[in-house]
Amino acid sequence: DTSATVETAPSGTEAEPPAPPADSDHVDVLSVHKQRCGLYHWEEDALLVRSEYSGVMLWNEDTAEYPQLAEALEQTANMAKRSMEEEYDNLCASVGEDLPWTEGTQETWVSTLDIQVRRADSVSVSLLSDSYSDYGWIEDFRGMHGTNYDTQTGQVLALDDVVTVNNDLADAVAKALNSHQWAGDFDYQDAVEAYFANTPQEDISWTLDYNGVTFYFADGELEEPGNGGKTATVSFAAYPEL
């Protein structure tokens, strides 16, 4: 027995993007619409699969004001929806198999995708995809990935469209990470330099915020696995040369 629910959260709820700084000139905050969907697979009283996901699109008059961006956001939301639905179908098929190592201890298999608005104005729209999965018999997964759009054209921004990607950027990220460490703990300098030197720009996860650029590192990307993911914000005010 499978049930599905859909909820919507128009602008004015938590889907509303953070406001730009008060001294920002010629920046208009956009209206956005966040849609939530849930898919649930039950057998008798046992919830076997839970899949929840969201999507963000433009809302009200901004859809007409920025048609290319509106189309890009809608396409992105639809692709994520199809991907989550396909994964849900695969999980429902797999969870019903006779797996001897889960017999009598079947857990709910979980897959979630939450789209968070980091910025939405007449300059840029920045979305953070927060993914989580737990299939019981394998290690759970948590991943964060940013997608950033030019509001006027709807095009996805590359990192070097926004900042200068060089050793100075790596130094700034390492300083931000080290500022949250106890003295004598792991020093991120070498790890961050190696990461930027060896990782293609399209594989770097980042969001364009109002106060700077935030980078997201998965568990194991900078240090030994098991220490969790890391984030670091490079402030526009602190590093104007970037």
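Structure first, text after, so check above.
A quick note: this is a predicted structure, and the numbers were derived from the prediction, not measured. (Residues numbered from 1 in each chain as written. Predicted model: local features only at pLDDT ≥ 70, side-chain atom pairs only at ≥ 80, totals over all residues. Heavy atoms only, no water.)

1. A look at helix H2 (residues 67-95)
- For H2, with 29 residues, the first-to-last C-alpha span of 42 Å sits near the 42 Å given by 1.5 Å per residue.
- When we look at burial in H2, the residues that qualify are Leu-69, Ala-70, Ala-72, Leu-73, Ala-77, Met-84, Tyr-88, Leu-91, Cys-92 and Val-95. (Helix = DSSP H or I, 4+ residues; strand = E, 2+ residues; numbered from the N terminus. Expected span 1.5 Å × (residues − 1). Buried < 20%, exposed > 50% of the residue type's maximum accessible area, 1.4 Å probe, protein only.)

2. As for the pattern of salt bridges
- For the coordinates displayed, the defined rule picks out 7 salt bridges.
- Here Asp-114 makes a salt bridge to Lys-34, at a shortest N to O gap of 3.0 Å. With Asp-114 in strand S4 (residues 109-120) and Lys-34 in strand S2 (residues 32-43), this pair connects stretches of sequence that are 80 residues apart.
- The class of Asp-114 is partly exposed, set by a relative accessible area of 28%.
- Between Asp-130 and Arg-142 there is a salt bridge whose closest N-O contact spans 2.6 Å. With Asp-130 in strand S5 (residues 124-134) and Arg-142 in strand S6 (residues 141-150), the pair connects residues that are 12 residues apart, well separated along the chain. (Salt bridge = Lys/Arg side-chain N within 4 Å of Asp/Glu carboxyl O.)

3. Quick word on the pairing of S4
- Burial within S4 is extensive, with 9 of its 12 residues counted as buried.
- Sheet topology places strand S3 (residues 46-58) next to S4; 5 bridges connect them, and they run parallel. In the sheet register, Tyr-53 faces S4, and the bridge partner there is Leu-113.
- Across 10 bridges, S4 lies against S5 in antiparallel orientation. Looking across to S5, one finds that Thr-112 is bridged to Tyr-132.
- In this structure, the hairpin formed by S4 and S5 is closed by a connection of 3 residues. (Pairing = 2+ DSSP bridges.)

4. Some thoughts on the nonpolar core
- Counting 28 residues, the largest nonpolar core has Leu-58, Leu-69, Val-125 and Leu-127 as the members making the most contacts within it.
- Those elements giving two or more residues to this core turn out to be S2, S3, H2, S4 and S5.
- Looking at this core, the element that brings in the most residues is H2, giving 9 residues.
- Non-local contacts of Val-125, meaning those with residues more than four positions away in its chain, are made with Leu-30, Leu-69, Leu-73, Arg-119, Ala-120, Thr-147, Asn-148, Tyr-149 and Thr-151.
- Counting residues in hydrophobic clusters, the runner-up holds 25 residues, among them Val-163, Ala-176, Phe-196 and Val-213. (Core = buried A, V, L, I, M, F, W, Y, C linked by side-chain atoms within 4.5 Å. Contact = heavy atoms within 4.5 Å.)

5. Looking at the side chain of Asn-148
- Looking at the secondary structure, you find Asn-148 in strand S6.
- Residue Asn-148 is classed as buried on the basis of its relative accessible area of 1%.
- Separated by 2.5 Å, the side chains of Asn-148 and Ser-126 make a polar contact.
- Of the polar contacts made by the side chain of Asn-148, one reaches the backbone nitrogen of Leu-208; its length is 2.9 Å. (Polar contact = N/O pair within 3.5 Å; in protein donor to acceptor, adjacent residues only side chain to side chain.)

6. Observations concerning the layout of surface pockets
- The volume enclosed by the largest pocket comes to roughly 310 Å³.
- In terms of lining, the largest pocket is formed by 14 residues, of which the most central are Arg-142, Gly-143, Ala-218, Asp-219 and Gly-229.
- Those elements giving two or more residues to the lining of the largest pocket turn out to be S6, strand S8 (212-217) and strand S9 (230-235).
- A total of 4 residues in the lining of the largest pocket trace back to one element, the largest contributor, which is S6.
- For the lining of the largest pocket, a count of residues per class yields 5 nonpolar, 4 polar and 5 charged.
- Considering only enclosed or pocket space, the second largest pocket measures out at about 240 Å³ in volume.
- Forming the boundary of the second largest pocket are 14 residues, of which Thr-76, Ala-80, Leu-113, Ile-115 and Ser-129 lie nearest the centre.
- At the level of elements, S3, H2, S4, S5 and S6 are the ones that each hand at least two residues to the lining of the second largest pocket.
- Residue composition of the lining of the second largest pocket, by class: 9 nonpolar, 5 polar and no charged. (1 Å grid on protein atoms, 1.4 Å probe; cavity = no way out; pocket = protein on both sides within 12 Å on 5 of 7 lines; lining within 4 Å. Points joined across faces, edges and corners; volume = space filled by probe spheres on them. Nonpolar A, V, L, I, M, F, W, Y, C, P; charged D, E, K, R; others polar.)

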